[in-house]
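Each chain is listed here by its residues.
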Amino acid sequence: SSRQRDPENRLLSHFPVLRLEAEAIRDKLITVTGSLDPAMYGTGVGGSGTRRSVYVNVIRNRLDEFLGVFDAPIPFSTTGNRPVTNVPAQSLAMLNDPMVVKYANTFSRQFSGSDEARIIAMWIRALERKPTPGEIAASRDFLTHLRATSDVVAKEINNLRSSINERSTVNHAILAPAREAIQAKLGDEKAVSAGTFVAMASWDFESGTKDSVGGLDGKLTGNARIENGNLILDGNSSFFSEPLKQNLKEKTLEAVLTLGTLQQKGGGVITVQDVDGGDFDSIVFAEKRSGEWLAGSNGFQRTQDFGGPPETDAVNHPVHLVIAYDSDGTIRAYRDGVPYGKSYGSSGPHEFKAGNSQILFGLRHGKANGGRNISGILHEARIYSQALSAEDIASLAAGKRLISTRQILDSLSNEERKIWEYNESEIARLTTQLSELEKENSGVGESAVWQNFAHSLFNLKEFIYVY
């Protein structure tokens, strides 16, 4: 053959193996999965967008990691000749990058029929050729293996969930009577009647910067100060909490605030961010439109207009603000207990990791000032590790008192508290085990089997190399 007679291709007898450029790999993933937005011109997109890579935003201090792995130029200096490397990080990116996994899922759902029909159709779409009989047989064997593994994993997941539910039921039975007793002492008009949620962290600023629930005490920067049980923010100051002690994904942000002026723009009221400020969710004032409240996020990835009315009264008296982030990505906003504008779907909720995330007051995100700070008086603020219902939010806006977990635990007997603490530690351990199992196996069932098969096609050398 020509490769044997001319292995170094000195006579140009054959085409050398050539890896696609970074942008072409991303474009191929989007195109193959049928997700490509063919629109030309207009604004740029983030790396998770579905427009061609030529429209991906280039932010020098926050470059697209996927493109970088495949040798996209770094815009700190000129690049005369783009390198073409072949390193382990590229294989790891195709195996583990969330974008690739997402597109594998999208790709796998576009085909139906018998196993062989789906194998052939997916092979043609991904590699632009029919599979050989040997490749079809290998694919069948792979599907058999995936199904067997999926059955085992599904059984393990069900067992873990059952154990978690059993211990949660026991703990609920321990806490419910204690909660009801405390609520009876407070009176229905002062306590949240449902009693089904507790804050992960809460600040009333009566004890300075201390979090009265979760130990997320904070530090003040600039001219921020505590005065008469309020946090005073002058537009150039902020509050930073200790790192989160648990992961936070589905969530609710709550704040009671009086604005210093309606003329300010883009300041954050309450924010949860990773410690470098790159990823964040925040209640923001007037960042995109004058006077409007917004669910701010990094690069507007989870941000849309609620379409609520412009703020006019927050300089005269405190307003109660809440944004809830549901598990399905829906984002809801409330002002004084009433829905603010319309909810919308997003790519979220984004998960903020324990030990690497924190809470901010008075700053949209990051560590420095410069158009991200807010001027006003923060009267109280809370974070919940679940998306509160509209009824719960209305109760809080009406001034009903929150019954904290700490209050309930303090009222238990020593024996009850020991049982509760043991079950909580077991729930945490089992939940971690469940999370790792689900992450390692990308779900279970027939849909997961085909997603894994689609993902395997993306990881064939032929997918990103030209022969």
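So, here is what we can say about the structure in this document. (Residues numbered from 1 in each chain as written. Predicted model: local features only at pLDDT ≥ 70, side-chain atom pairs only at ≥ 80, totals over all residues. Heavy atoms only, no water.)

## Quick look at the overall build of the protein chain
Inclusion rule: The numbering of helices and of strands both runs from the N terminus, where a helix is a DSSP run of H or I of at least 4 residues and a strand a run of E of at least 2. For every residue, the accessible area obtained with a 1.4 Å probe (protein chains only) is divided by the maximum for its type, and the residue is called buried under 20%, exposed over 50%, and partly exposed between those limits. The contact criterion used is simple: two residues touch if any of their non-hydrogen atoms lie within 4.5 Å. Here the Shrake-Rupley method, with its probe set to 1.4 Å, supplies the accessible areas, and only the displayed protein chains count as covering residues.
Helix and strand counts for the protein chain come out as 12 helices and 16 strands. Referenced to the eigenvectors of the C-alpha coordinate spread, the extents of the protein chain come out at roughly 90 × 55 × 35 Å. Across the 467 residues of the protein chain, 44% fall into the buried class. Residue pairs at least 24 apart in sequence account for 65% of intrachain contacts in the protein chain once pairs closer than 6 positions are excluded. A total accessible area of about 23,800 Å² is found for the protein chain, and carbon and sulfur atoms account for 51% of it.

## Focus on the nonpolar core
Convention followed: Residues belong to one nonpolar core when they are buried, are Ala, Val, Leu, Ile, Met, Phe, Trp, Tyr or Cys, and are joined through side-chain atoms within 4.5 Å.
Within the largest apolar cluster, 40 residues are counted, with the highest numbers of intra-cluster contacts made by Trp203, Ile270, Trp293 and Phe361. Filtering out sequence-adjacent residues up to four positions away, Ile270 remains in contact with Leu253, Glu254, Ala255, Asp281, Ser282, Ile283, Ile359, Leu360, Phe361, Ala381, Arg382 and Ile383. Ranked by size, the runner-up nonpolar core spans 35 residues in total, among them Ala22, Ile25, Leu29 and Ala93.

## Observations regarding the pattern of salt bridges
Which entries qualify depends on this criterion: Here, a salt bridge means any side-chain nitrogen of Lys or Arg that lies within 4 Å of a carboxyl oxygen of Asp or Glu.
If you walk through the whole model with that rule in mind, you get 25 salt bridges. Arg129 is the salt-bridge partner of Glu135, the closest N and O atoms lying 2.9 Å from each other. Classification of Arg129 as partly exposed rests on a relative accessible area of 26%. For Glu426, the salt bridge goes to Arg429, with nearest N and O atoms at 2.9 Å. Placement of both Glu426 and Arg429 in helix H10 (residues 414-441) is noted, with a separation of three residues, approximately one turn of the helix. Overall, the relative accessible area of 13% leaves Glu426 in the buried class. Classification of Arg429 by relative accessible area gives partly exposed; the value is 44%. When salt bridges with common partners are traced through the structure, they connect Asp115, Arg147 and Glu446 into a single cluster.

## Focus on the sheet that holds strand E6 (residues 238-241)
What counts is decided by this rule: Pairs of strands are assigned from DSSP output, requiring at least two bridges between the strands. The axes are straight lines fitted to the C-alpha atoms, using for helices just the contacting stretch, and the angles between their N-to-C directions are given from 0 to 180°.
Strands sit in the order E3-E6-E14-E8-E9-E10 across an open sheet of six strands; the sheet is antiparallel. Of all the strands in the sheet, just strand E3 (218-221) and strand E10 (293-297) have a single pairing partner and so form its edges. In this sheet, adjacent strand axes meet at a mean angle of 15° when their direction is disregarded. Across two bridges, the pairing between E6 and strand E14 (residues 357-361) is antiparallel. Its bridge partner being in E14, Phe240 is matched across the sheet by Leu360.

## Describing unusual backbone geometry
Gly348 connects to Pro349 through a cis peptide bond whose omega is 0°. On the secondary structure map, Pro349 appears in the loop between strand E13 (338-339) and E14. In the Ramachandran plot, Asp71 falls in the positive-phi region, its phi being about 75° despite a non-glycine side chain. At Asn228, a residue that is not glycine, the phi angle is positive and equals roughly 55°.

## Notes on the packing of helix H6 (residues 115-127) against helix H11 (residues 446-458)
Each pair of packed helices can be summarised by the angle the axes make with each other and by the distance between the axes. Threshold: Crossings are assigned a handedness: left-handed for a near helix turned anticlockwise from the far helix by less than a right angle, right-handed for a clockwise turn.
Put simply, H6 and H11 touch, their axes get as near as 10 Å, and they point 35° apart. Along this stretch, H6 crosses H11, giving a crossing that reads as right-handed. Of the residues in H11, those touching H6 at Asp115, Arg118, Ile119, Met122, Trp123 and Ala126 are Trp450, Phe453, Ala454 and Leu457.

## A look at the packing of aromatic side chains
The line we're drawing: Aromatic contacts are taken between Phe, Tyr and Trp rings whose centres are within 6.5 Å, Trp giving its six-membered ring; a plane angle under 30 degrees counts as stacked, one over 60 as edge-to-face, and the others as tilted.
What the rule picks out here adds up to 12 aromatic pairs. The interplanar angle of 85° and the centroid separation of 5.2 Å between the aromatic rings of Phe107 and Phe111 together place this pair among those described as edge-to-face. For the pair shown, Phe107 and Phe111 are each scored as buried. On the numbers, 5.3 Å between centres and 45° between planes, the contact of Phe306 with Tyr344 is tilted. Of this pair, Phe306 sits in the loop between E10 and strand E11 (319-325) while Tyr344 is found in the loop between E13 and E14, placing the two residues 38 residues apart along the sequence. Judged by its relative accessible area of 4%, Phe306 falls in the buried class. Residue classification places Tyr344 among the buried positions, given a relative accessible area of 8%.

## Examining the side chain of Arg51
The condition is simple: A positive count includes Lys and Arg, and a negative count includes Asp and Glu. His and the chain ends are not counted in either. Polar contact criterion, stated in full: a pair of N or O atoms within 3.5 Å, where within protein one must be able to donate a hydrogen and the other to accept it, and residues adjacent in sequence count only if both atoms are side-chain atoms.
With respect to the secondary-structure elements, Arg51 resides in the loop between helix H2 (22-32) and helix H3 (65-69). Asp37 is the oppositely charged side chain nearest to the buried, salt-bridge-free Arg51, at an N-O distance of 4.5 Å. There is a polar contact of 3.0 Å between the side chain of Arg51 and the backbone oxygen of Ala39. At a separation of 2.6 Å, a polar atom in the side chain of Arg51 contacts the main-chain carbonyl oxygen of Thr43. Contacts of Arg51, omitting those with residues within four sequence positions, involve Arg26, Ile30, Leu36, Asp37, Ala39, Met40, Tyr41, Gly42, Thr43 and Val45.

## With respect to the packing of helix H4 (residues 88-96) against helix H5 (residues 98-108)
For clarity, the threshold we go by: Here the angle decides the label: under 35 degrees means roughly parallel, over 145 means roughly antiparallel, 65 to 115 means roughly perpendicular, and every other value means oblique. Each residue gets one of three labels, nonpolar for Ala, Val, Leu, Ile, Met, Phe, Trp, Tyr, Cys and Pro, charged for Asp, Glu, Lys and Arg, and polar for the others, Gly among them.
It is at 5 Å that the axes of H4 and H5 come closest, and there the two elements cross at 45°. With respect to H5, the axis of H4 lies oblique. Contacts from Ala93, Met94, Leu95 and Asn96 in H4 reach Pro98, Val100 and Val101 in H5. A breakdown of the residues in the contact of H4 with H5 according to their chemical character gives six nonpolar, one polar and no charged.

## Considerations on H4
Along an α-helix, residues three or four positions apart point the same way, because every turn accommodates 3.6 residues. How we decide: In this description, one arc is meant: the one made by directions from the helix axis to the C-beta atoms.
Every buried residue of H4 is listed here: Gln90, Ala93 and Met94. Viewed end-on, H4 has its buried residues packed into an arc of 95°, placing them on one side of the element. Turned more than 90 degrees away from the buried face of H4, the exposed residues are Pro88 and Asn96. Against strand E1 (18-19), H2, H3, H5, H11 and helix H12 (461-464) lie the buried residues of H4.

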